[in-house]
Amino acid sequence: MNPAPETLQSASSASAAHSPTPEAVSRIAGRFLQEALAVAAEGGVPGGPAMPVAPAPSLPPLPSLPTATAGAPVPSMPLPAATPIGIALPAAAYSSQPPAADLSGLKAFVGRIRGLDHLQMPAVLTPSSVDSLRAATGRPGGGLSLPGMFDVNAVRRDFPILQERVNGKPLAWFDNAATTQKPQAVIDALSSFYAHDNSNIHRGAHTLAARATDAYEHSRQTVQRFLGAASPDEIIFVRGCTEGINLVANILAPSFERGDEIVLTELEHHANIVPWQMVAARTGAVIRVAPIDDRGDVILEAYESLLGPRTKIVSLSHASNSLGTILPVELMTALAKARGARVLVDGAQSVSHFPVDVRRIGCDFYVFSGHKIFGPTGIGAVFATAEAQAALPPWQGGGNMIRDVTFAHTTYADPPAKFEAGTPNIADAIGMGAALDYVVQRGREQIAAYEHELLHYATGRLTAIDGLRLIGTAREKVGVLSFVIPGHDVVEIGKRLDREGIAVRAGHHCAQPSLRHFGVEATVRPSLAFYNTHAEIDRLADAVAAMARGRL
Ligand SMILES: Cc1ncc(COP(=O)(O)O)c(C=O)c1O
């Protein structure tokens, strides 16, 4: 049985209805921009007659921006806050009429750019308009940096490693989907912990134990706020995303029966495939896979048709590490929850790029790795609802996770300690908290908007190269640009770029099924972060173009 809501025509129409189209948002943004520019030119106040609609942009429309996290500081990015990622509410997804666009972000945007009346602000940022903005701000070599806007040069100064030279050239780090570089604030938090506070936590009666415990628990609160969880008790520290998914798979496994179903998507990282295969082998559960289309978007009708009364868990990426696709996780979660399934969202590739709110998504579990969000390796977090934590058994046994032990019987500590057996990775949990604080301080909306623009610019530059095939052209993407150039070995391309000081990944990116959909086994994968610049993208594109012409 597949109890689709009456008004739901098809999963794809639901997806189309969930929010204003990017084209509409671009149009509205252009209109507000024109209005603001006109007002700025006249020194007046907007609110008069409607301005003409801006012409269609020459580049693809700006993809939608995610929504702000509840409780996060108010962002000040003067770019339009456009459509939310996913859907606002299941009810909206089932409606046949698109909900009205929320224009408050655009209105705020107009307010902000009134202060920029000395600039010729274009309706839509394109490579050429970015160039003129860059010229206007007198920073031709760096990233776009306008008053009140995201200042990439300031960000870069916080990351000492970005001053490195590789093979005599300035390092251009485009391997961010694999791991990110660390700001000084994180390096300082780690060294300060070891220099001043190092102790085991929770059980000591001495001062350093109290300091270390406070710092560790403070970090848990930071993760809670960062994800929009209801309580710090909903945050479990783990080694990273892989361990987080294994934890969830293992605590769910005892409730699986033969024939129960685990739903994944074709986009998943091996970390979100193999643990479920192991659980399936142990329990007799069956794995079902939602396919993607040739852009790299999940086919929502097919996904919906996989859901049924035997679906026990849906486990899906928020963003794909091989193609960059951002999945409509709110919609997909709502559809799964309507069938009584639990939902895990793998946030490895999302948290560093745009705001995430787990309560808005409605998932049971959300996992991410610290090292992919400017924090240390060997640390990550699982958000698990209080209900799920209370209902499910622990995974690993040992110290810290118990209330009382006899040889006959053990009772367990309350969550989240119940899921944190043994001495945790204290220093790196604190370092991860510092990384999240850094991201919040830089502005999550600002980061998202800056990276959107950077992705558009990089997409334009790379797709202009003769013979280059971009793999993954989903409507909503994070800054992942997988490509091949027929006749050129991907590893060889990676090595030649390294000679130019440019670091990219070349291989299968631990997501073989997603690449095989496109008939390839490996790609070159530059992946962006908020410290990358247009000048670095120019270096990358120039080097790839020279290679494609056989000149490098
Ligand atoms: C989408 C996705 N999920 C899971 C992982 C695994 O993360 P980690 O190796 O940090 O555990 C990765 C790593 O690249 C990833 O990109």
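1. Here's the deal with the overall build of the protein
Scanning the protein from terminus to terminus reveals 19 helices and 17 strands. Among the 552 residues that make up the protein, the fraction classed as buried is 52%. Contacts spanning at least 24 positions in sequence make up 73% of the contacts within the protein whose residues lie at least 6 apart.

2. A closer look at the site of the ligand
As a matter of local geometry, the ligand sits amid 14 residues, with G240, T242, N321, A348 and S369 nearest to it. Classifying every residue of the shell around the ligand gives 5 nonpolar, 8 polar and 1 charged.

3. Points about the environment of T473
Along the chain, T473 falls in the loop between strand 13 (469–471) and strand 14 (482–484). Accessibility expressed as a C-beta count within 10 Å gives 17 for T473, which makes it partly exposed.

4. Section: the nonpolar core
Generally speaking, nonpolar side chains in soluble globular proteins are found buried as a group. Core analysis: the largest hydrophobic core is formed by 133 residues, its most contacted members being F365, V382 and F383. Element by element, the count of residues in this core is highest for helix 15 (residues 426–442), at 10 residues. Not counting the four nearest positions on each side in its chain, F365 is found in contact with V248, L344, V382, F383, A384 and A388.

5. Remarks on the sheet that holds strand 5 (residues 261–265)
Strands belonging to one sheet form pairs held by backbone hydrogen bonds; the direction of such a pair is parallel or antiparallel. The 7 strands lie next to each other as 4-10-9-8-7-5-6, forming an open sheet whose pairing is mixed. In this open sheet, the two edge strands, each paired with only one partner strand, are strand 4 (235–238) and strand 6 (286–290). When the angles between neighbouring strand axes are averaged without regard to direction, this sheet yields 20°. As paired strands, strand 5 and strand 6 are joined by 5 bridges and run parallel to one another. Residue pairing across strands places L264 opposite V289, the latter belonging to strand 6. Across the sheet, helix 10 (residues 274–283) lies against strand 5, strand 6 and strand 7 (311–317), angled at about 145° from strand 6, the strand it touches most.

6. Section: helix 9 (residues 241–252)
Over its 12 residues, helix 9 runs 17 Å from end to end, which matches the ideal 16 Å to within 8%, given 1.5 Å per residue. Burial of helix 9 is extensive: 11 of the 12 residues sit out of reach of the surface. Among the residues making up helix 9, those that are buried are C241, T242, E243, G244, I245, N246, L247, V248, A249, I251 and L252. Elements in contact with the buried residues of helix 9: strand 4, helix 10, strand 7, strand 8 (342–346), strand 9 (365–369) and strand 10 (380–384).

7. Points about the confidence of the model for the protein
In the predicted model, the protein carries a mean pLDDT of 81, and 73% of its residues have values of at least 70. Per-residue pLDDT stays below 50 along residues 1–147; that stretch engages in 235 contacts with residues further than four places along the chain or on separate chains.

Rules of the game
Residues numbered from 1 in each chain as written. Predicted model: local features only at pLDDT ≥ 70, side-chain atom pairs only at ≥ 80, totals over all residues. Helix = DSSP H or I, 4+ residues; strand = E, 2+ residues; numbered from the N terminus. Buried ≥ 20, exposed ≤ 12 C-beta atoms within 10 Å, placed from the backbone. Contact = placed C-beta atoms within 7 Å. Near = placed C-beta within 6 Å. Nonpolar A, V, L, I, M, F, W, Y, C, P; charged D, E, K, R; others polar. Core = buried A, V, L, I, M, F, W, Y, C linked by C-beta atoms within 7 Å. Pairing = 2+ DSSP bridges. Axes fitted to C-alpha atoms, helices over the stretch in contact; angles between N-to-C directions. Expected span 1.5 Å × (residues − 1). pLDDT = per-residue confidence, 0-100.

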